[in-house]
Structure formats: structure tokens, C-alpha cells
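Chain by chain, the residues:
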Amino acid sequence: MAMAGLRDCWPRLTARLTAALRALLFWTLVYGYCGLCASMHLLKLLWSLGRGPGQTFQRLVRENPPACLNDPSLGTHCYVRIKDSGLRFHYVAAGERGKPLLLLLHGFPEFWYSWRHQLREFKSEYRVVALDLRGYGETDAPSHQESYKLDCIVVDIKDILDSLGYSKCVLIGHDWGGMIAWLIAICYPELVTKLVVINFPHPNVFTEYILWHPSQLIRSGHYFFFQMPWFPEFMFSINDFKALKHLFTSQRTGIGKKGCRLTPEDLEAYVYVFSQPGALTGPINHFRNIFSCLPLKYHKVTTPTLLLWGERDAFMDVEMAEVTRIYVKSHFRLTILSEASHWLQQDQPDIVNKLIWTFLKEEMRKNESF
């Protein structure tokens, strides 16, 4: 009897041991790579201090926003307070009220302004809303790290739709906003009529790929570095936010020669927003919860989906774009732009806008034919 009982328990015991071993290896990888990334950034700090300690800690005081952030052609600055969380969200809206909603979710380190080309473009047929996500820009930033878990962010978007008076929308997300857009389409498919994601794969593809492909592990080093308290914010701020400027302008990570490069005023808009006291902590807190939320238990996407990808993306391996196809159980279109960077909707706005229009019109005609 004892032997029979042991035989019955053995498969469950083996499964538990396997799961525990996988968890141990996973968290060893996370914290080990976190330490490695932190060491590399510490060397950068020491190098900067050696070249000029005064310059390292230099930060200009920016009290007034650049004029481009108040450009009336982009839309109207609005605020909405969510009842359940009590948080106040900032957004810029263009287009007439009552038109179908097109909701735009930015990535990191961005804010509503990254959608300036789309706010102008789609307002003729949509109520276009470019949101500042929780913790970003003029949106409230809770102090607790746990307030930035993905399920909280997903509920934010659901509640914002309701507060704006809409039951559904066209949802477009880039980078981290793309991650959130995927999750909205998975968890609340009834809210999304059409999904457009820019330079971010299905969350499960990202989770699996990063563990088995060293190239993507290196590209995603910031995900691990951001697990540390306060040090990432500090490194972003040294040399008057040189790291932030570098992301958009360097040869490796920035917008390329054939792209629509940021003007000095555009770049100053980014630095102004993220140089405000405490403005980096909320955005980085989003990343400090990611490893406890993935992979997903439910992952099927039933919404018609367009995935746009800049092949020169320094942070995301282009192979993940094609693998994403297996998770979309509806109409799926993938377009890879060979000369475009990670900042695709700013890099190639005319092409991106045209591709989105084509996708939206095709779906409209398909719906009208039934």
C-alpha cells in the first residue's frame, strides 16, 4: 500500500520539483543579469566622473514647457479622474466628440507627444486620444511600486474608456504601450474593435524568446537593470539627461538617417517632462513588476490585428514579430519596415499612418459586407 501511494504521489512530486527548479533558474537569471547590468552602468558612472565630475551632476532647471507641447493643432489637453483608483489621467484629444474612439498608448521613455503625427492624421474620422499612462507626464503617479502591476494598468484603460463614454475603441500601442494593448485585447476583447501594435510582440513570445535567445536578453538589458531601486533613475538624469537624449539620437538606438528625426524642440519636450522631480520613478516602476506578471495564462487574441515593426529596432529582435502570428486567432497582418527604428510612429509617420488607414478601411469594408 505504501509503495502504491508513493507511486501515485511521484508524478505530482516530480512536477512540483520541476516547477520549483524552473522558478529558481528564472529568478537566478533575472537577478544575476540585473547585477551584471548594474555593474556595467556603474562603470559608465565612474567613467563619467573621471572625465568631469561637475558635468556629471549638471542638470538644467526647466520650469516652462517648450511651445510644441501646447501646439493647438495637436488637440486639447484634458483630464479624467477614475472613480475606483481615484487617479487623475492626462490626455490630449483631437477630433470631434462622438466619433469612433482611437486610443493611443505610448511606450518608454515617451508620453502623449510621441503620437503627435497620429493626432493630426486621424482626427478627421476619429476622436483621437493620446494618453499619459499611469505615472507618466501629467498623469498621477502612485508612490507604491505595486501600483504599477500590469493588471492595474489594464484596468486603467478599461475604466478610462468608460469615463470617456465609450464601450469600444480602435487601440494602438507602441513599445510598452504595445504590451498593454495586447493585454487589453486578450483580457477584454469586447473593448477593442481593431488592434494595432508597433514594435512589441505578443507578451508570451517576448517572455519565451528572451529566455532562449541571448541576443534578445542583451537587447532587453534595461528590463533587468530597472529592477534595482533608485539607481536607474539616477543614471538617466546624469549629464543633464544624456541617456534619455541618446536613446532618440544615437546611431544604434535612435532614428536613422532616412527617418523623421526629432527637432531640438521635440527632444527638449522629452527632457522637460522626464526632468521634473520624481518623473522617472513611475515609468520605471512599470518594469519593476513585469517578471511577476508573465507569462500569461490566457493568451489568445481574437481581434483583427496589425503589427508594424521597424527592422532596425535596437531593443526587439525582428524574428519575434513573425512568431506572434500563432497567437492571433483572427485577421493578422505584419508589415516590417526595413529602414525604420524602434520609434516607428515618429521615425516613419507618413508610412505608418498610411498602413494604419489601409488596415482600418479594409476592416470597415469587411464588416460592411456581412
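Quick look at the structure, then. Owing to the predicted nature of the structure, the values given are computational and were not obtained by experimental measurement.

So, how was this worked out
Residues numbered from 1 in each chain as written. Predicted model: local features only at pLDDT ≥ 70, side-chain atom pairs only at ≥ 80, totals over all residues. Heavy atoms only, no water. Helix = DSSP H or I, 4+ residues; strand = E, 2+ residues; numbered from the N terminus. Rg over C-alpha atoms; globule rule 2.2 N^0.38 Å. Buried < 20%, exposed > 50% of the residue type's maximum accessible area, 1.4 Å probe, protein only. Contact = heavy atoms within 4.5 Å. Areas by Shrake-Rupley, 256 points an atom, 1.4 Å probe, with all protein chains shown as cover. Lys, Arg positive; Asp, Glu negative; His and termini not counted. Charge placed at Lys NZ, Arg CZ, Asp CG, Glu CD. Salt bridge = Lys/Arg side-chain N within 4 Å of Asp/Glu carboxyl O. Phe/Tyr/Trp six-rings, centres within 6.5 Å; stacked < 30°, edge-to-face > 60°. Pairing = 2+ DSSP bridges. Axes fitted to C-alpha atoms, helices over the stretch in contact; angles between N-to-C directions. Left-handed = near helix turned anticlockwise from the far one by under 90°. Nonpolar A, V, L, I, M, F, W, Y, C, P; charged D, E, K, R; others polar. Polar contact = N/O pair within 3.5 Å; in protein donor to acceptor, adjacent residues only side chain to side chain.

From N to C terminus, the protein includes 14 helices and eight strands. Against the 2.2 N^0.38 benchmark of 21 Å for 370 residues, the protein shows a C-alpha radius of gyration of 22 Å, consistent with a compact globule. Referenced to the eigenvectors of the C-alpha coordinate spread, the extents of the protein come out at roughly 80 × 70 × 45 Å. Buried residues in the protein amount to 54% of all 370 residues. For the protein, long-range pairs separated by at least 24 residues make up 76% of all intrachain contacts whose partners lie at least 6 apart in sequence. As presented, the protein carries roughly 17700 Å² of accessible surface, and 59% of it is formed by carbon and sulfur atoms. Averaging the coordinates of the 40 positive side-chain charges in the protein and doing the same for the 35 negative ones gives two points 3 Å apart.

Side-chain pairs of opposite charge can arise whenever the charged atoms involved come near each other. Enumeration according to the criterion identifies eleven salt bridges in this entry. Across the salt bridge formed by Asp-140 and Arg-81, the nearest N and O atoms sit 3.9 Å from each other. You can see Asp-140 sitting in the loop between strand 4 (127–131) and helix 4 (150–163) and its partner Arg-81 sitting in strand 1 (residues 76–81), a full 59 residues away along the chain. Here Asp-140 falls in the partly exposed class, since its relative accessible area comes to 25%. Its salt-bridge partner being Glu-233, residue Arg-288 comes within 2.9 Å of it at the nearest N-O pair. Here Glu-233 lies in helix 9 (residues 231–249) and Arg-288 lies in the loop between helix 11 (281–287) and strand 7 (305–310), a separation of 55 residues in the sequence. Comparing Arg-288 with Glu-233 shows no difference in burial state: the two are buried. One network of salt bridges, in which partners are shared, links Arg-62, Asp-240, Lys-245 and Glu-268.

Evaluation of the coordinates by the stated rule reveals 26 aromatic pairs. Ring centres 4.7 Å apart and planes at 40° place the aromatic pair Phe-122 and Trp-357 in the tilted group. Here the residue Phe-122 occupies a position in helix 3 (residues 116–122), and Trp-357 occupies one in helix 14 (residues 349–368), the gap between them amounting to 235 residues. Phe-122 sits in the buried class, given a relative accessible area of 0%.

Negative phi characterises most residues that are not glycine, and trans characterises most peptide bonds. Pro-109 follows Phe-108 through a cis peptide bond whose omega is -10°. Relative to the helices and strands, Pro-109 resides in the loop between strand 3 (101–105) and helix 3. Within the chain, Asp-175 stands out as a residue other than glycine whose phi angle is a positive 55°. Here Asp-175 shows up in the loop between strand 5 (169–174) and helix 5 (176–187).

Two faces make up the sheet, and in a regular strand the side chains alternate between them. Most of strand 5 sits out of view: six of its six residues are buried. Residues Cys-169, Leu-171 and Gly-173 line one face of strand 5 and the alternating positions Val-170, Ile-172 and His-174 line the opposite face, and both faces are buried. Pairing of strand 3 with strand 5, which is carried by four bridges, proceeds in the parallel orientation. Bridge assignment links Leu-103 to a residue of strand 5, and that residue is Leu-171.

In this structure, His-299 sits in the loop between helix 11 and strand 7. Through-space distance from the C-alpha of His-299 to that of Ile-184 is 11 Å; in sequence the pair is 115 residues apart. Beyond its immediate sequence surroundings of up to four residues, His-299 is in contact with Ile-186, His-202, Asn-204 and Tyr-327.

The next point concerns the packing of helix 9 against helix 10 (residues 264–274). Helices that pack against each other are described as a pair by the angle of their axes relative to one another and the distance between those axes. Orientation of helix 9 relative to helix 10, taken along the N-to-C sense of each, is 145°, at an axis distance of 10 Å. Read as a crossing pair, helix 9 and helix 10 show a hand that is right-handed. Across the interface between the two elements, Phe-241, Leu-244, Lys-245, Phe-248 and Thr-249 from helix 9 touch Leu-267, Tyr-270, Val-271 and Phe-274 from helix 10. Here the residues of the contact of helix 9 with helix 10 sort into seven nonpolar, one polar and one charged.

Relative to the helices and strands, Ser-341 resides in the loop between strand 8 (332–337) and helix 13 (344–347). Since its relative accessible area comes to 1%, Ser-341 is described here as buried. Within polar-contact distance, the side chain of Ser-341 engages the side chain of Asp-347 at 2.7 Å. If near-sequence neighbours (up to four positions away) are discounted, Ser-341 is found in contact with Asn-199, Gly-254, Ile-255, Gly-310, Arg-312, Asp-313 and Asp-347.

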